[in-house]
Amino acid sequence: QVQLVESGGGLVQAGGSLRLSCAASGLTFSSYCMGWFRQAPGKEREFVAAISRSGSLRYYADSVKDRFTISRDNAKNTVYLQTSGLKPEDTAVYYCAADRSAVSGRRSALDYDYWGQGTQVTVSS
């Protein structure tokens, strides 16, 4: 069965960095566009970043543009989210998701087929 397992979350000071990882299994990883979403308490799940199947195309929410970088290593079946300049408003549970669509860069959570359980990122002021 398909599994997506996030790791790398934790508590970090404002201005700090974290690298989140999402290890996939049970699917042909290179056939999926991958995305990162986040959800803060009391808020809807929001798009953070997405990456095409080959990794050549990357997409970002305006709120994280120039601070976060999405990447993937298809040989390791892993997608990453490198964060920097973290702000308290970045505090959320971060989820990775897989999208089999031929259209990359989808921003709606409804378009993704598989989801991980999430990893908590907490940014202190």
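Residues numbered from 1 in each chain as written. Predicted model: local features only at pLDDT ≥ 70, side-chain atom pairs only at ≥ 80, totals over all residues. Heavy atoms only, no water.

(A) Looking closely at the packing of aromatic side chains. Under the defined criterion, the tally for this structure stands at six aromatic pairs. Joined through ring pairs, the aromatic side chains of F37, F47, Y95, Y112 and W115 make up one cluster. Over the face of the ring belonging to W115 we find R45, whose NZ or CZ atom lies 4.9 Å from the ring centre. (Phe/Tyr/Trp six-rings, centres within 6.5 Å; stacked < 30°, edge-to-face > 60°. Lys NZ or Arg CZ within 6 Å of the ring centre and 35° of its normal.)

(B) A look at the pairing of strand β9 (residues 92-99). Counting buried positions along β9 yields eight of eight residues, so the element is predominantly enclosed. As judged from the seven bridges shared by strand β4 (residues 33-39) and β9, these two strands associate in the antiparallel manner. Across the sheet, residue R38 finds its bridge partner in β9, namely Y94. Strand direction decides the pairing type here: β9 and strand β10 (residues 114-115), joined by two bridges, are antiparallel. Across the sheet, the residue bridging to A97 is W115, located in β10. (Buried < 20%, exposed > 50% of the residue type's maximum accessible area, 1.4 Å probe, protein only. Helix = DSSP H or I, 4+ residues; strand = E, 2+ residues; numbered from the N terminus. Pairing = 2+ DSSP bridges.)

(C) Structural view of unusual backbone geometry. For D66, which is not glycine, the phi torsion reads 75 degrees and is therefore positive. Despite not being glycine, N77 has its phi angle at roughly 50 degrees, a positive value. The topology assignment puts N77 in the loop between β7 (68-73) and β8 (78-83).

(D) Representation of the nonpolar core within the structure. Among the nonpolar cores identified, the biggest contains 34 residues, and M34, W36, V48, I70, V79, L81 and Y94 are the most heavily contacted of them. Mapped onto this core, the elements with two or more residues apiece are β3 (18-25), β4, β5 (46-51), β7, β8, β9 and β11 (119-124). Once you skip the residues sitting within four places of it in the chain, V48 turns out to touch W36, F37, R38, Y59, Y60, A61, V64, F68, L81 and Y94. (Core = buried A, V, L, I, M, F, W, Y, C linked by side-chain atoms within 4.5 Å. Contact = heavy atoms within 4.5 Å.)

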